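Summary of the model geometry
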Amino acid sequence: MDDRIFALDIGTRSVTGIILEKEDTNYKVVDFYTKEHTERSMRDGQIHNVVAVSDIIREVKKKLEQTHGTLQKVCVAAAGRALKTTQATATIELNQQPIMEEETIKHLELSAVQAAQVKLAHGSKSEEYHHYYCVGYSILHYQIDEEKIGSLIDQSGEKAMVEIIATFLPKIVVESLLAALGRAELEMEALTLEPIAAIHVLVPESMRRLNVALVDIGAGTSDIAITNAGTVAAYGMVPVAGDEITEAISDAYLLDFPLAEQTKRDIVNKGEAIVADILGFETTITYDSLVEEIRSKVENLASKISEEILLLNATPPKAVMLVGGGSLTPEITKLLAHKLKLPENRVAVRGIDAIQNLVPSEALPKGPDFVTPIGIAIAAKQNPVHYVTVNVNKQKVRMFEMKQLTVGDTLIQAGLDIHKMYGRPGTAMMVTVNGKEITIPGQLGQTPQLFVNQKKATVDHMIQNNECVQIERGKDGLPAQMTLEELIGELPTKVIYFNKQPIKCYANYYVNGRKQAKTYQIKDRDIITYEHETTVKDLIRITGKEKVQQTNAFSVYVNNEKVTLPMGKTRIFVNHNQTDDTQLLHNNDKLNIEPATTPLVSDLFSVLGKELSKTIHVHFNGQFIKMERPCYSIKRNGEQIGPDTELQDQNHIKMEPKIEEAFIFQDIFRYIDIDISKVSGDFKLYVNERPASFDGEIKDGDQLQITW
């Protein structure tokens, strides 16, 4: 009898015992027996009444022993609905320094798993989060500064974050299972998880590279497992299943719950059923009428399952397999396909005929109900869950080997805060650059050092029973170090053509008011300035040509009284366009400056507010003539000077007003030329068409004329 396997499927509504016999590589069902609970001793996959559950187990065991002899060892499964799924995040400060190693990302992920573990413990009002065992986690997404991103490697920013969804198995689930078996005088030969059991027999390892969801729709809950990339990637559960459909039938047709359950099965199997309601009236219920009555509830069941699949998998899987009695719910496959946007032939109910290496048996029902019990027997024997003991920093840690365990799993179960094992970041510096405060971060602390049996390892290193794991705190990062050039960058050199001469303009760095080289090592609280932009004024200062722009005043003495005169303004041209000294200069610009002009006698009269001359305008024989007469006699050092004479500093000027005389006709001959030799006969003078004489007075605007 060494090849005989005894397995129990301990469910919410019933306990099923099954005996398999191994023949070479095949399995044959020898016998099975199912017994329903007499009270609600099981809730959501958790044993709430160990004594009551053990009594049912004992009855199933005795029934099978009557035919097959003593049964001492049994394969069992922890219910998938006992698994706890939690989302959590973890962050790490980058300070614009990119993550360079995958190991750092793995540590960040493990920190998120620990956060999920703590969150789960707080949610159950227990501080003992070590009593939850992580059986898998998936990455939902990474973020840099709250923006989703595909990978964290070589990404710069202030903060990196990872969000994960992790699945845990409470230790109490296994402990209560062991207690119930012990009271029924059974020894646990092997342990598995119900979702693993079903997937093991329906989706062998060679197919697990495919992204497939398996849903076990039971009475109270629907358990979900997802395969991808060669492994069982995620588990989940929704608290909606076959009982909700049964309750809808009970409400619609006034049937008690057991009769509603039987009616559901009869209609699914036979197409219709005749039932009597609680008032005694008989009703014939067809498949089509049943579908209409329960459509909203089936819609709800499909919605809950599809939502959980998308949460666990992020995208629709390639296919969905349904097992369990609830998988026969009318229209459930079509609705799931619609909600997951899959073709209808990608969602299917699988029965025991889909189990590889199972010898057909007439005694066993062909439907999906017995996939999980058979899976428990085969999976628990082939891939049992073991206890693994590992020494972590001299602390013994026991774990369930639900999957291939890694060093990272041991750190989580040991309760070590991975964040605290990182080296502290180096001291930062605060500096001011051109009036703006800037933080220069120190180097990131190094990741913790991991060793397995005194050999260096990573968090992905596979761990074996009784191995020793040691984690050492990472080294602290170095304080911030940076030169002026590293902080500001290489500033460009400009060439400006100043009055056709090339001038090179170099950027200057100043620290705390003193000029420094670009190799200067910055210190905390330094005040840094740099000249990146060059104006005309800057270039004049750089070249020492300030004199070309001077407009200093100077003095002259008029009739022994001091008069201050301003110099004329300098004129500035950049690329032949006149501008001022605030103009920005760019590489290869052409700058020309015309010096200030010296004041003239006419400028002196403007300052004094005196009229230099008296002016009138007349027309002579149709020609427009401007006539002037000086108002003053102007002398410098005894020499007569005119209005266009340049003045020098400290000149002594003598000004005498002239006697004001009226303009007369003969004054016009100073402004016109008349060739007398070509003129013959008498002539006449006219002013405004009236006869006039040479000494006759003329005024502004008069019309003068000479005729012969």
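Predicted, not measured: the structure shown is a model, and the values here were computed from it.

What about the sheet that holds strand E13 (residues 222–228)?
Pairing in this open sheet of 5 strands is mixed, and the strands run E14-E13-E12-E17-E18 from one edge to the other. Edge positions in the sheet fall to strand E14 (231–238) and strand E18 (347–349), since each of these pairs with one other strand and no more. Between one strand axis and the next, the sheet turns through 20° on average, direction left out of account. Relative to E13, strand E12 (residues 212–217) runs antiparallel, the two being bridged by 6 bridges. Paired with Val212 across the two strands is Thr227, which belongs to E13. The sheet strands contacting helix H8 (residues 332–339) are E12, strand E17 (319–323) and E18, and the helix crosses E18 at an angle near 155°.

Description of the confidence of the model for the protein
Across the protein, pLDDT averages 82, with 92% of residues at or above 70. Mean pLDDT values for the elements of the protein range from 71 in strand E4 (residues 42–43) up to 94 in H8.

Overview of the environment of Met100
The residue Met100 is located in the loop between strand E7 (84–93) and helix H2 (102–123) in this model. The spatial distance from the C-alpha of Met100 to the C-alpha of Asp154 is 5.7 Å, given a sequence separation of 54 residues. Residue contacts for Met100: discarding those within four places in its chain leaves Ile153 and Asp154.

Concerning the pairing of strand E44 (residues 684–687)
Here E44 shows a buried face lined by Leu685 and Val687 and an unburied face lined by Lys684 and Tyr686. Where E44 lies against strand E46 (residues 703–707), 4 bridges are found, and the strand directions are antiparallel. Note on E46: the bridge partner recorded for Lys684 is Thr707. Linkage of E44 to strand E45 (residues 690–692), two consecutive antiparallel strands, is achieved through a turn of 2 residues, within which Asn688 is found at a positive phi near 55°.

Observations regarding the sheet that holds strand E27 (residues 494–498)
One open sheet accounts for 5 strands, arranged E28-E27-E38-E35-E36; its pairing is mixed. Two strands close off the open sheet at either side, each with one partner strand: strand E28 (501–505) and strand E36 (577–579). Strand-to-strand twist of the sheet, defined as the mean angle between neighbouring strand axes without regard to direction, takes the value 35°. Relative to strand E38 (residues 590–594), E27 runs parallel, the two sharing 2 bridges. Each bridged residue has a counterpart across the sheet, and for Phe498 the counterpart in E38 is Leu591.

Side note on the environment of Glu261
With respect to the helices and strands, Glu261 occurs in helix H6 (residues 257–270). Between the alpha carbons of Glu261 and Gln117 there is a distance of 38 Å; along the sequence they are 144 residues apart. When residues no more than four places from it in sequence are discounted, the contact partners of Glu261 are Arg13 and Thr246.

Rules of the game
- Residues numbered from 1 in each chain as written.
- Predicted model: local features only at pLDDT ≥ 70, side-chain atom pairs only at ≥ 80, totals over all residues.
- Heavy atoms only, no water.
- Pairing = 2+ DSSP bridges.
- Helix = DSSP H or I, 4+ residues; strand = E, 2+ residues; numbered from the N terminus.
- Axes fitted to C-alpha atoms, helices over the stretch in contact; angles between N-to-C directions.
- Contact = heavy atoms within 4.5 Å.
- pLDDT = per-residue confidence, 0-100.
- Buried < 20%, exposed > 50% of the residue type's maximum accessible area, 1.4 Å probe, protein only.

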